[in-house]
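Observations on the three-dimensional arrangement
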Amino acid sequence: MAPPRCQVLSLHPHEGRSAPSALLVVAMQQVHAGLLTPLGTAGPTESLTLLLKEWRGGEGCIVHVRHFSRKADASCRAGRPEADFLPCATPLPGERVVTTHVDDPFVDTDLDTWLRRHGVAHLVVAGVTTTGAIMTLTRHALTLGFDVTVVADACADQALLALDGTRWEASTMHGLGLALLERQGAEISSVRDVHRTC
């Protein structure tokens, strides 16, 4: 039988608190360090650091989503330095870690069940990439009935070369992803506004 494609780490003993909102920090790993260039007055790393600091002082749950590739030549394989968490997003004891091998942490994990067991109805999403894992996760969460807020200044994307040779810059991809997610029903916010409302 094929091994499971995803793994969810065990709960810490003191991780039993319930909260209406959860912060999902997505794929903040060394392999993506080069994407975290400033998109505005503050870069995503600075914004995410502030978001985590504020969230850790509150009552909401924190879930870190990391991606381990199964491709033999991929840099982001388990055990390789590129797969490690970035210093700004290293999980603390009591914070949930979901390990996935696809862009969607709801696939082949108990994340949905875990969130509902903790009374979570609202997801606040940050990380990379806006048109990749952030979009996939957000759209799935919306179909599952969660309210989703994407923290624009705590997300980042990468440039894309189109089939006709046109280069879409990272800032353009990021903006496009946010616009599409808003049209799908997600709320697009900032670290400052999320702190006020959550």
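Computed from a predicted model, the values in this text were never measured in an experiment.

Considering helix α1 (residues 44-56)
Because each turn of an α-helix spans 3.6 residues, side chains separated by three or four positions end up pointing in the same direction. For α1, which comprises 13 residues, the first-to-last C-alpha distance of 18 Å matches the rise-based estimate of 18 Å (1.5 Å per residue) to within 8%. Buried within α1 are the following residues: Pro44, Ser47, Leu48, Leu51, Leu52 and Trp55. For α1, the angular spread of the buried residues around the axis is 130 degrees, confining them to a single face. Facing away from the buried side of α1 by more than 90 degrees, the exposed set consists of Glu46 and Lys53.

Structural notes on the confidence of the model for the protein chain
Across the protein chain, pLDDT averages 85, with 85% of residues at or above 70. In the model of the protein chain, strand β1 (residues 7-8) stands out as the element of lowest mean pLDDT, 39, in contrast to strand β9 (residues 187-189), which has the highest, 97. Across residues 1-17, where pLDDT falls below 50, the model places 44 contacts with residues more than four positions away in sequence or in other chains.

Observations concerning the side chain of His64
Counting through the fold element by element, His64 comes out in strand β3 (residues 61-67). With relative accessibility at 1%, the residue His64 sits in the buried group. A distance of 3.4 Å separates a polar side-chain atom of His64 from the backbone oxygen of Ala89. A polar side-chain atom of His64 sits 2.7 Å from a polar atom in the side chain of Glu95. Sequence-distant contacts of His64, defined by excluding residues within four places in its chain, comprise Val25, Leu52, Arg56, Phe85, Ala89, Thr90, Pro91, Glu95, Arg96, Val97 and Val98.

Topic: unusual backbone geometry
A cis amide bond, omega -15 degrees, links Val128 with the succeeding residue Thr129. Positionally, Thr129 belongs in the loop between β5 (122-128) and α3 (130-143). We note that Ala27 has phi near 55 degrees; this positive angle belongs to a residue other than glycine. Within the secondary structure, Ala27 sits in the loop between β2 (21-26) and α1.

Regarding the layout of surface pockets
Of the volumes computed, that of the largest pocket is approximately 230 Å³. Along the walls of the largest pocket sit 15 residues, with Ala27, Val31, His32, His67 and Asp103 positioned nearest its centre. Along the lines of polarity and charge, the residues of the lining of the largest pocket split into eight nonpolar, six polar and one charged.

Topic: the pairing of β2
Burial within β2 is extensive, with six of its six residues counted as buried. Burial along β2 is two-sided: the face carrying Ser21, Leu23 and Val25 and the face carrying Ala22, Leu24 and Val26 are both buried. Of the pairings in the sheet, the one linking β2 to β5 comprises six bridges and is parallel in character. Its bridge partner lying in β5, Leu24 is registered against Val125. Looking at chain direction, β2 and β3 are connected through five bridges and run parallel. Among the inter-strand pairings, Leu24 is bridged to a residue of β3, identified as Val63.

Parameters and conventions
- Residues numbered from 1 in each chain as written.
- Predicted model: local features only at pLDDT ≥ 70, side-chain atom pairs only at ≥ 80, totals over all residues.
- Heavy atoms only, no water.
- Helix = DSSP H or I, 4+ residues; strand = E, 2+ residues; numbered from the N terminus.
- Expected span 1.5 Å × (residues − 1).
- Buried < 20%, exposed > 50% of the residue type's maximum accessible area, 1.4 Å probe, protein only.
- Arc of directions from axis to C-beta.
- pLDDT = per-residue confidence, 0-100.
- Contact = heavy atoms within 4.5 Å.
- Polar contact = N/O pair within 3.5 Å; in protein donor to acceptor, adjacent residues only side chain to side chain.
- 1 Å grid on protein atoms, 1.4 Å probe; cavity = no way out; pocket = protein on both sides within 12 Å on 5 of 7 lines; lining within 4 Å.
- Points joined across faces, edges and corners; volume = space filled by probe spheres on them.
- Nonpolar A, V, L, I, M, F, W, Y, C, P; charged D, E, K, R; others polar.
- Pairing = 2+ DSSP bridges.

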